[in-house]
Amino acid sequence: LLPGKTRKPAAWTPVGELAELQPGAPTEMMFRRNRADGWKVTSEKTSAWVVKTGDNDVVAFAPGCTHLGCAYHWDEQGRHFLCPCHTSTFGLDGKVLSGPAPRPLDRFEAKVQNGKVLIGPIRKGGAA
Ligand code: FES
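Presented here is a report on the structure given in the accompanying data block. If you're wondering where the values come from, they're calculated on a predicted model, not measured in any experiment.

## Looking at the pattern of salt bridges
Link 1 in the chain: Following the criterion strictly, the structure yields five salt bridges and no others.
Link 2 in the chain: Linking Glu17 and Lys116 is a salt bridge whose minimum nitrogen-to-oxygen distance equals 2.9 Å. Of this pair, Glu17 sits in strand β1 (residues 13–17) while Lys116 sits in strand β10 (residues 116–123); the two residues are 99 residues apart in sequence, bridging distant segments of the chain.
Link 3 in the chain: A relative accessible area of 33% means that Glu17 is categorised as partly exposed.
Link 4 in the chain: Residues Lys95 and Asp93 are paired through a salt bridge, measuring 3.5 Å at the closest nitrogen-oxygen approach.

## Focus: the environment of Gly69
Link 1 in the chain: Along the chain, the position of Gly69 falls in the loop between β4 (57–61) and β5 (73–75).
Link 2 in the chain: Residues Gly69 and Cys83, spaced 14 residues apart in sequence, show a C-alpha to C-alpha distance of 9.3 Å.

## Some thoughts on the packing of aromatic side chains
Link 1 in the chain: Taken as a whole, this structure holds seven aromatic pairs when the rule is applied.
Link 2 in the chain: Each ring, one from Phe61 and one from Phe81, has its centre 5.6 Å from the other, and the planes form 75°; the classification is edge-to-face. One end of the pair, Phe61, is in strand β4; the other, Phe81, is in strand β6 (residues 80–82), and 20 residues separate them in sequence.
Link 3 in the chain: Note on Phe61: relative accessible area 0%, which makes it buried.
Link 4 in the chain: Looking at Phe81, the relative accessible area reads 0%, which means it is buried.
Link 5 in the chain: Among the aromatic residues, those joined into a cluster by ring pairs are Trp49, Phe61, Tyr72, Trp74, Phe81 and Phe90.
Link 6 in the chain: The ring of Trp12 has Lys111 sitting right over it, with the charged end atom 4.1 Å from the ring centre.

## Comments concerning the state of the cysteines
Link 1 in the chain: Enumeration according to the criterion identifies one disulfide in this entry.
Link 2 in the chain: Disulfide partner of Cys70: Cys85, at an S-S distance of 1.9 Å. Taking the torsion about the sulfur-sulfur bond, which here is approximately -90°, the covalent link between Cys70 and Cys85 counts as left-handed. Taken together, the residues Cys70 in the loop between β4 and β5 and Cys85 in the loop between β6 and β7 (89–90) connect sequence positions 15 residues apart.
Link 3 in the chain: Under the relative-accessibility criterion, Cys85 is labelled partly exposed at 38%.

## What about the sheet that holds strand β8 (residues 96–98)?
Link 1 in the chain: Read across the sheet, four strands follow the order β5-β6-β7-β8 without closing on themselves; strand pairing throughout is antiparallel. Pairing within the sheet leaves two strands with one partner each, and these edge strands are β5 and β8.
Link 2 in the chain: In this structure, β5 lies alongside β6, joined through three bridges in antiparallel fashion. In the sheet register, Asp75 faces β6, and the bridge partner there is His80.

About the cut-offs
- Residues numbered from 1 in each chain as written.
- Predicted model: local features only at pLDDT ≥ 70, side-chain atom pairs only at ≥ 80, totals over all residues.
- Heavy atoms only, no water.
- Salt bridge = Lys/Arg side-chain N within 4 Å of Asp/Glu carboxyl O.
- Helix = DSSP H or I, 4+ residues; strand = E, 2+ residues; numbered from the N terminus.
- Buried < 20%, exposed > 50% of the residue type's maximum accessible area, 1.4 Å probe, protein only.
- Phe/Tyr/Trp six-rings, centres within 6.5 Å; stacked < 30°, edge-to-face > 60°.
- Lys NZ or Arg CZ within 6 Å of the ring centre and 35° of its normal.
- Disulfide = S-S within 2.5 Å.
- Pairing = 2+ DSSP bridges.

These figures come from the coordinates and say nothing about function on their own.
Written as structure tokens, this is what we have:
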């Protein structure tokens, strides 16, 4: 067993600086995270749409549309998240504005520490 190596993937991944974020302007932050699949841990590239909601608060949405998993983006003109596949739209809070998406965007656990945005495990449901 190697000292300093743990089998458990780190719970919190730093993804960027809080200073990069403006309230009301979701920012896509890319990061790598470890994913445990039984005994096997693989590193995968993913992203989160991070929204600053307070001086020291952020929410982080998982990158896949809750309809069929397409990558959506923030549409600055419409002021909503827009999925290009079947044109679902979501509000700044992740709630469905128009379907076919059946539920709000999924969220990662997220927190701010020392000015850094940290992303934790995904939590399904997206309830505010
Ligand atoms: Fe996003 Fe269908 S996958 S609307």
